[in-house]
Amino acid sequence: MKKNEFLEKLLAALEPLSEDERKQILDYCEELFCDGLEQGLSEEECVARFGSPEEAAAQFREEYSAQPSGSAPQRSIAPVNVPDGDFHTLDLSADCVRLEVESRQEADFRIVFDPDPERDVIESEQRGGVWYFRHRLKKKGMRFFLGFGRPKDRVMTIQVPASFAGTLLLQTRNAKIRLHDIQILPKISLVTSNAQIEAERCGAARLFVKTTNAAVRLSDAGTQDGDLEAVSSNGQIQAANLLFAVANFHTSNSAISVSGAQGRSLQAESSNANIHAAGCRIAERISLASSNGSVSAEKVETANLSMASSNGRLTLEGICAGQIDLSTSNASITGTVLGDMREYATRAGTSNGSCNIPNMCYPDQTKSLSAFTSNGKIQIDFQP
C-alpha cells in the first residue's frame with residue numbers, strides 16, 4: 001500500500017475526532033513518512049510500520065482520548081539525584097528518548113530530563129559500584145509505537161563530570177544518541193535502534209556503538225591503545241580523524257567511509273554498498289571487503305592491504321603498502337601504487353579483460369602484490 005492510499009483510509013477511520021485533531025494527525029504522519037524515507041525505507045515499508053489504517057486510527061483515537069482538555073502545563077526540567085556513594089559505571093537505558101551526552105566542569109554527575117508522570121517511569125539504584133538508571137514508558141502512544149516516530153522534545157541529557165573516570169553504558173530505543181567532548185574513559189557503549197549515533201571529540205579504551213536502520217558518525221574519537229567497533233544495519237558509517245589500536249566497522253546495505261585514521265589494524269565490511277578509505281596510516285593491516293559494492297583506497301599507508309568485493313570494482317590511488325591483495329569478480333581493478341614494481345613479487349589474472357601486471361617472482365623481492373578478477377580489466381601503475 002502506498003502513502004496516499006494509507007492516509008486516505010486513515011483519515012476516514014479518524015472520523016470521530018475533530019477536524020483540527022485529524023489535521024494534526026495527518027501532519028504528524030507526513031513527518032513520520034519523511035523520517036522513514038530519510039532512513040532509506042520505501043513507502044510500503046513505512047506503511048508497514050503503521051500497521052493497517054484501522055489499527056493506526058484506533059491507536060491515535062485512544063491516545064487523544066487519554067489527553068486532558070486544554071494545554072498541558074509546562075514542567076520544569078530538573079536534574080535527577082545521583083545515588084549516595086561513589087560509582088564506577090553508569091548503566092542507563094531509556095525508551096524512545098534522545099540521549100545527549102556532554103561534559104561538565106563541576107564535580108557532580110547529572111541526568112537532566114523532563115518526565116511526564118502520566119507516561120514516564122524512572123527507576124534508579126546503586127549496586128556494586130554501578131548506578132543503574134532505567135526509564136520506561138507506562139503506555140506507548142502512537143508516536144512511540146512506530147519505530148521511526150518520536151517527539152523531538154523528548155531529550156535526556158547526561159552531564160559527565162570531567163573528574164569521572166568510569167564506564168558509560170548507554171542505551172535507548174528509536175531515538176538518537178549524541179556524545180561529545182568526553183574525556184578518556186575505560187569504556188563507552190552507545191546502543192540504539194532506528195536512529196543515528198554521533199560521537200565526536202571523545203576518548204575511550206573501548207568504544208562500541210551500534211544502531212539499526214540509521215547512520216553512525218564518528219569524529220576525533222578513540223585512543224592510541226584503544227579498541228573501536230561501530231555496527232549498523234542498513235545505515236551508513238562515517239569515521240574521520242580516529243585514533244585506535246584496533247578498529248572494526250560493519251554495516252549492511254549501506255556505505256562505509258573512513259578518513260584520517262591512525263592505528264594498528266583497521267577492518268571495514270559491508271554488503272551491497274561501497275567502502276572508501278582515505279588518508280589513513282595503519283601500522284599492520286587494512287582489510288576492506290564488500291559484496292556487490294565498490295571498494296576504494298586513497299593515500300593509505302600500511303604494511304598489509306586487503307581489498308575484496310564480489311561484483312564491485314576496486315580502485316587504488318597513491319597506495320603505500322608492503323603486501324597488497326586485491327580480489328573481485330565481474331569488475332575492474334585499477335589505480336596506482338607508490339614504489340618500484342621490481343620490488344614486488346606480482347601475481348595477477350583476469351578472464352575476458354586486459355591485465356598490465358605480469359606474473360613475476362624473484363627470491364630477493366621483499367614486497368608482494370596479487371590482483372585477480374573475472375570479466376574485468378586490471379590496470380595498476382607504479383609511481384616512484
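What you see is a predicted model, and the numbers here were worked out from it, not measured in a lab.

Rules used throughout
Residues numbered from 1 in each chain as written. Predicted model: local features only at pLDDT ≥ 70, side-chain atom pairs only at ≥ 80, totals over all residues. Heavy atoms only, no water. Helix = DSSP H or I, 4+ residues; strand = E, 2+ residues; numbered from the N terminus. Contact = heavy atoms within 4.5 Å. Areas by Shrake-Rupley, 256 points an atom, 1.4 Å probe, with all protein chains shown as cover. Lys, Arg positive; Asp, Glu negative; His and termini not counted. Charge placed at Lys NZ, Arg CZ, Asp CG, Glu CD. Salt bridge = Lys/Arg side-chain N within 4 Å of Asp/Glu carboxyl O. Core = buried A, V, L, I, M, F, W, Y, C linked by side-chain atoms within 4.5 Å. Buried < 20%, exposed > 50% of the residue type's maximum accessible area, 1.4 Å probe, protein only. Phe/Tyr/Trp six-rings, centres within 6.5 Å; stacked < 30°, edge-to-face > 60°. Polar contact = N/O pair within 3.5 Å; in protein donor to acceptor, adjacent residues only side chain to side chain. Arc of directions from axis to C-beta. Pairing = 2+ DSSP bridges.

*Asks:* Looking at this model, I keep getting lost on the overall build of the protein. Mind explaining?
*Replies:* Secondary structure summary: the protein contains five helices and 25 strands in total. For the C-alpha atoms alone, the extent of the protein along its principal axes is close to 85 × 55 × 25 Å. Excluding contacts between residues fewer than 6 apart, the proportion of contacts in the protein whose partners are at least 24 apart in sequence is 35%. As displayed, the protein has an accessible area near 17800 Å², and 47% of this comes from carbon and sulfur atoms. Separation of charge centres in the protein, based on 39 positive and 50 negative side chains, amounts to 2 Å.

*Asks:* Explain the pattern of salt bridges here, please?
*Replies:* Summed over all chains, the structure comprises 22 salt bridges. With a shortest N-O distance of 3.3 Å, glutamate 100 and arginine 98 are connected by a salt bridge. Notably, a salt bridge pairs lysine 367 with glutamate 343, separated by 3.4 Å at the nearest N-O pair. Of this pair, lysine 367 sits in strand β24 (residues 367-372) while glutamate 343 sits in the loop between β22 (333-338) and β23 (344-349), and the two are 24 residues apart along the sequence. Within the structure, one salt-bridge network assembled from shared partners comprises Arg98, Glu100, Lys176, Arg178, Asp181, Glu198, Glu200 and Arg201.

*Asks:* What is the right way to look at the nonpolar core in this model?
*Replies:* As a rule of thumb, soluble globular proteins bury nonpolar side chains together. The biggest cluster of nonpolar side chains holds 73 residues, and the ones touching the most others in it are Leu90, Ile158, Leu218, Phe249, Ile324 and Ile380. In this structure, leucine 90 is in contact with Phe109, Ile111, Trp131, Phe133, Ile158, Thr167, Leu168, Leu169 and Leu170, ignoring residues within four places of it in sequence. Judged by nonpolar contacts, the second largest core, of 17 residues, contains Leu10, Tyr28, Phe33 and Cys46.

*Asks:* Would you take a moment to explain the packing of aromatic side chains for this structure?
*Replies:* The description of an aromatic ring pair rests on the distance of the ring centres and on the angle between the ring planes. Here the structure, examined in full by the defined rule, presents seven aromatic pairs. The interplanar angle of 80 degrees and the centroid separation of 6.0 Å between the aromatic rings of phenylalanine 109 and tryptophan 131 together place this pair among those described as edge-to-face. Linking phenylalanine 109 in the loop between β3 (98-104) and β4 (110-113) with tryptophan 131 in strand β6 (residues 130-137), this pair joins segments that are 22 residues apart in sequence. Here phenylalanine 109 and phenylalanine 164 contribute two aromatic rings whose centre-to-centre distance is 5.3 Å and whose plane-to-plane angle is 85 degrees, an arrangement assigned as edge-to-face. With phenylalanine 109 in the loop between β3 and β4 and phenylalanine 164 in the loop between β7 (155-161) and β8 (167-171), this pair connects stretches of sequence that are 55 residues apart. The exposure class of phenylalanine 164 is buried, given its relative accessible area of 10%. The rings of Phe87, Phe109, Trp131, Phe133 and Phe164 are connected pair by pair, giving a single aromatic cluster.

*Asks:* Looking at this structure, I do not really get the environment of glutamine 267. What am I missing?
*Replies:* By the secondary structure assignment, glutamine 267 is in strand β16 (residues 262-271). Taking C-alpha positions, glutamine 267 is 20 Å from asparagine 311, a pair spaced 44 residues apart along the chain. Setting aside anything within four residues of it in sequence, one finds glutamine 267 in contact with Ala247, Asn248, Phe249 and Ser287. A distance of 2.7 Å separates the side chain of glutamine 267 from the side chain of glutamate 269, its partner in a polar contact.

*Asks:* Please clarify how helix α1 (residues 3-13) should be interpreted in this entry.
*Replies:* Along an α-helix, residues three or four apart share an orientation, since each turn contains 3.6 residues. By the burial criterion, the buried members of α1 are Lys3, Phe6, Leu7 and Leu10. Buried residues of α1, seen end-on, are gathered within an arc of 95 degrees and therefore sit on one face of the element. Exposed and oriented more than 90 degrees from the buried face of α1 are Asn4, Glu8 and Ala12.

*Asks:* Sorry, what's going on with the environment of leucine 92 here?
*Replies:* Among the secondary structure elements, leucine 92 is positioned in strand β2 (residues 89-93). Expressed as a C-alpha distance, the spacing of leucine 92 and phenylalanine 244, which sit 152 residues apart in the sequence, is 26 Å. Apart from residues lying up to four places away in sequence, leucine 92 is in contact with Leu99, Ile111, Phe133, Arg134, Met156, Ile158, Leu169, Leu170 and Gln171.

*Asks:* How do you make sense of helix α3 (residues 43-50) when you look at a structure like this?
*Replies:* Within α3, the full set of buried residues consists of Cys46, Val47 and Phe50. With its buried residues spanning 100 degrees around the axis, α3 presents them on a single face. Following α3 by one or two positions, glycine 51 adopts a phi angle in the positive range, close to 85 degrees.

*Asks:* It is not clear to me how the environment of cysteine 202 should be interpreted in this structure. Could you clarify?
*Replies:* If you trace the backbone, cysteine 202 turns up in strand β10 (residues 197-212). The class for cysteine 202 is buried, based on a relative accessible area of 5%. Discounting chain neighbours no more than four positions away, the residues touching cysteine 202 are Leu179, Ile182, Asp220, Ala221 and Gly222.

*Asks:* What is the right way to read unusual backbone geometry from this model?
*Replies:* Only a minority of non-glycine residues have a phi that is not negative, and only a minority of peptide bonds are not trans. One non-glycine residue, aspartate 181, lies in the positive phi region at around 55 degrees. Tracing the backbone shows aspartate 181 in strand β9 (residues 177-191). Residue classification places aspartate 181 among the partly exposed residues on the basis of a relative accessible area of 35%. Positive phi outside glycine occurs at asparagine 292, with the angle close to 65 degrees. In this fold, asparagine 292 is placed in the loop between β18 (281-291) and β19 (295-298). Accessibility expressed as a relative area gives 42% for asparagine 292, which makes it partly exposed.

*Asks:* Which parts of the structure should I look at to understand the pairing of β23?
*Replies:* Burial analysis of β23 places five of its six residues in the buried class, which makes it a mostly covered element. With six bridges connecting them, β23 and β24 associate as parallel partners. Bridge pairing in β24 places alanine 348 opposite alanine 371.

*Asks:* What am I meant to see in the side chain of threonine 157 here?
*Replies:* Secondary-structure assignment places threonine 157 in strand β7. A relative accessible area of 16% places threonine 157 in the buried class. With residues up to four places along the chain from it excluded, the contact list for threonine 157 reads Glu100, Glu102, Arg110, Ile111 and Val112.

Purely spatial values, then, with no claim about function.
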